[in-house]
Amino acid sequence: MEVQVMAASSSLAKGHCVGLNLEGINAARVTRRCLLSGRSVCNSVRLSTTKARQLSCVGVKNTKRKNSVSCPVASFGRNQDESAGRSCEIDSGGGLTKYSDFVVVGSGIAGLRYALAVAEHGTVNVVTKSEPHESNTQYAQGGVSAVLDPLDSVESHIQDTIVAGAFLCDEETVEVVCREGPERVKELMAMGVSFDHSEDGQIHLAREGGHSHNRIVHAADMTGREIERALLAAVRRHPNIAIYEHHVAVDLLTIQEDTTVTCFGIDTLDVRCNQVVRFLAGVTMLASGGAGHIYPNTTNPPVSTGDGVALAHRAHAVVSNMEFVQFHPTALADEGLPVQPPARENAFLITEAVRGAGGRLYNQDMERFMPQYDEREELAPRDVVARSIDDQLKKRNEKFVYLDISHKPADGILHHFPNIAAECLKYGLDITKDPIPVVPAAHYMCGGVQTGLKGETSVLGLYAAGEVTCTGLHGANRLASNSLLEALVFAQRAVEPSIGFVRYMAGMQFNIDEASTWPRLVAAKLESSQSEAIISFTKLQRKRLQQVMWDYVGIVRSTERMKIAQAALAGLQKEWEEFLFDQGWNRTMVSLEVCEMRNLITVANLVVSSALVRQESRGLHYTVDFPELVESERLPTVLFPSTPVKSTLSTQQVHTVYKEPSSRLS
């Protein structure tokens, strides 16, 4: 991998800049700066700051063979017959293509909130990998942090966020999110989201680790589920929005002209019909969630395989702070339950709010241990609590610790945590009487696609919101319940520039021969023995990748172990790709298993490469070789793409389109 490193002056603080080609680290050199919404980042594709805040759309009209791009707002009629459960459409030979003003990748809180807003100005296609409700939002238990108590203050929320982020947060972003957050929460309530209220009729505000005040708006311990319910209902009612479920994102459709990359949409695989569907749109919004499944134990649903970050990176978007992977301290440890549950695809989360309500952590001898690690005890930020638990487990050679809330009144426990109580009771554990066995699990990516304050990326026409992004809010560690808040704020902030880009491009016309620019991908159709062999070997390599990441790039790291991980990842990637091609695979084929593995490899490499650059311990990145905070290292790690020495299946888009410079988009 070729690495390009420089310190960039930025409102995001100053940053390490790393150019990745996923071929192995072998060089360090200074590269030029470019501006992204007033922030200096390192990038191989220059984004004009005069357009960054305003542009983001190229509408596409269909002709017989060529697509003439013109771009009035809402220029494309709503696609017909596109509700969930539709029958498979017939591909007459030219490929299936859907047109809209906006295409949204992901159906969590960020994607749905954005879709509802832009749908007032144009047509929207939402593509989602599984059922529309299957997202990280659905599994969020705790709530949304917002200053709604007169005794609280925005300044306090800002300070709590910066402290939890180990002073790596972008202060401008933090202020924007904390100040705009209360209004975004009120909008959810107006849309029908039912949050818990106290006996006096006021919104009930909980407290979680790292917060100095009670400011967590919640719906029992199922907040994400309630938000997802209300947003999905509103989306399904909207006449300008069509949802395409079970459509897996394959690659963004981009054209690079000189150093400017523009996105025109996305290719997807309709898994149920086993056919490739192309979505062409003016603006593409990435809201695809996280990448928890680069680790074997994660609270994320199975769809969280880092698709958005991988797609964006291959499309030459700037990516930042990938070393900061948050491990939630308290996922349910199935090994400690009286009755063993069946194998799970994702760990069951025990919300931070349990500790906020007075829950205490004990080792298996029922000795309380947090006071010896941090004066904030169980209310310390997640990175501190996760490392403390990890230290206990290693010192005592145990598989889990206990979280006990049974000293609190049973009625209150069952009222605030009904979902957790029911899940534990299924396996013989009464949380009103017994401690809960817990263990850390991969939970949240604080790094991701770099965005400006309007959700804009370094690729024209491509916006991003939610966990897939790095906005600068979280710094080196996310404060509890700031994730749903960030998604709401940036989904809304991206609306105006998205529409502005449409209007800016209105009347501009240039021809794109879709067929020759982006030749059609095809759903893999091999002999059954070949397909079975590919699926089996891909599952094996996926498990190997997850174990490598947990063993060598987990909660506590070292330079030596991360280099072992880097070499292991390179080896398994090579083995996997060679196996595919030996079985008759080619670069234009797609399948669910191969798409996910390709993305997991990309994201795992980004995490390891970023972690190796940071020579200090800060927030979620703790390394025994550099155990202290270093002020000169208080910089974001900025990853920008460089051309690979050798293009591989995992490292580049299937179609990388370059055009001679012109003035059309200047």
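Thresholds applied
Residues numbered from 1 in each chain as written. Predicted model: local features only at pLDDT ≥ 70, side-chain atom pairs only at ≥ 80, totals over all residues. Heavy atoms only, no water. 1 Å grid on protein atoms, 1.4 Å probe; cavity = no way out; pocket = protein on both sides within 12 Å on 5 of 7 lines; lining within 4 Å. Points joined across faces, edges and corners; volume = space filled by probe spheres on them. Helix = DSSP H or I, 4+ residues; strand = E, 2+ residues; numbered from the N terminus. Nonpolar A, V, L, I, M, F, W, Y, C, P; charged D, E, K, R; others polar. Salt bridge = Lys/Arg side-chain N within 4 Å of Asp/Glu carboxyl O. Buried < 20%, exposed > 50% of the residue type's maximum accessible area, 1.4 Å probe, protein only. Pairing = 2+ DSSP bridges. Disulfide = S-S within 2.5 Å. Core = buried A, V, L, I, M, F, W, Y, C linked by side-chain atoms within 4.5 Å. Contact = heavy atoms within 4.5 Å.

Undergrad: Mind laying out the layout of surface pockets, listing which residues take part and the relevant values?
TA: If a probe as big as a water molecule is rolled over the atoms, it shows which places are left empty. Each pocket or cavity is described by its volume, and for the largest pocket that value is around 840 Å³. Lining the largest pocket are 35 residues, with Asn297, Lys399, Val439, Pro440 and Trp550 positioned closest to its centre. Counting residues per element, the lining of the largest pocket draws most heavily on strand S20 (residues 436–445), which supplies 4 residues. Taken together, the residues of the lining of the largest pocket sort by class into 18 nonpolar, 6 polar and 11 charged. Estimated volume of the second largest pocket: approximately 610 Å³. Counting residues per element, the ones that place at least two in the lining of the second largest pocket are helix H15 (528–552) and helix H17 (592–613). Considering each element in turn, the lining of the second largest pocket owes the most residues, 7 residues, to H15. Its residues assigned to classes, the lining of the second largest pocket shows 9 nonpolar, 7 polar and 7 charged.

Undergrad: How would you summarise the pattern of salt bridges if you had to cite specific residues and measurements?
TA: Between side chains of opposite charge, a pair can form as their charged atoms come close. If you walk through the whole model with that rule in mind, you get 36 salt bridges. In this structure, Glu423 and Lys426 form a salt bridge, with 3.2 Å as the shortest nitrogen-oxygen distance. Taken together, the residues Glu423 and Lys426, both in helix H11 (residues 418–426) and 3 residues apart, mark about one turn of the helix. By relative accessible area, Glu423 is classed as buried at 10%. Members of the salt-bridge network, linked through shared partners, are Lys129, Asp307, Arg542 and Glu596.

Undergrad: Can you lay out the sheet that holds strand S9 (residues 144–145) for me, pointing to particular residues and giving the numbers?
TA: Adjacent strands of a sheet form backbone hydrogen bonds with each other and so pair up, either parallel or antiparallel. Across the sheet, 3 strands lie side by side as S9-S11-S10; this open sheet has antiparallel pairing. In this open sheet, the two edge strands, each paired with only one partner strand, are S9 and strand S10 (205–206). As paired strands, S10 and strand S11 (residues 216–217) are joined by 2 bridges and run antiparallel to one another. Residue pairing across strands places Ala206 opposite Ile216, the latter belonging to S11.

Undergrad: Pulling in residues and values, what's your account of unusual backbone geometry?
TA: In this structure, His246 is a non-glycine residue whose phi angle is positive, near 60 degrees. With respect to the helices and strands, His246 occurs in the loop between strand S12 (241–244) and strand S13 (247–257).

Undergrad: Account for the environment of Ile162, with residues named and values stated.
TA: Looking at where Ile162 falls in the secondary structure, it is placed in helix H4 (residues 154–164). On the basis of relative accessibility, which here comes to 10%, the residue Ile162 falls in the buried class. Spatially, the C-alpha atom of Ile162 lies 7.5 Å from that of Gly475, the residues being 313 residues apart in sequence.

Undergrad: Would you mind going over the state of the cysteines in detail, with residue names and values included?
TA: Per the counting criterion, the structure on display carries 0 disulfides. Not part of a disulfide, Cys446 finds its nearest cysteine sulfur in Cys470, a span of 8.4 Å. Looking at Cys446, the relative accessible area reads 3%, which means it is buried.

Undergrad: So what's going on with the nonpolar core? Which residues, and what values?
TA: Counting residues in each nonpolar core, the largest one holds 64 residues, and the members touching the most others are Tyr295, Met322, Leu545, Met549 and Val607. In this view, Val607 contacts Ile294, Tyr295, Met322, Glu323, Val325, Met445, Met549 and Val553; residues no more than four positions away in its chain are not counted. One finds Ala146, Val176, Ile227 and Ile243 within the second-largest nonpolar core, a separate group that totals 57 residues.

Undergrad: Describe the pairing of strand S15 (residues 275–286), and please don't skip the residues or the numbers.
TA: Among the 12 residues that make up S15, 12 are buried, leaving the element largely enclosed by the rest of the structure. Two strands pair when backbone bridges link them, and strand S7 (residues 96–105) and S15 are joined in this way by 9 bridges, in the parallel orientation. Paired with Tyr99 across the two strands is Leu280, which belongs to S15. In the sheet, strand S14 (residues 260–270) pairs with S15 via 6 bridges, with the strands oriented antiparallel. Residue pairing in the sheet places Ile266 in a bridge with Phe279 of S15. Hairpin geometry of S14 and S15 is characterised by an intervening segment of 4 residues between the two adjacent antiparallel strands and by a positive phi of about 50 degrees at Asn274. Pairing of S15 with strand S22 (residues 462–464), which is carried by 3 bridges, proceeds in the parallel orientation. Opposite Leu286, over in S22, you have Ala464 as the bridge partner.

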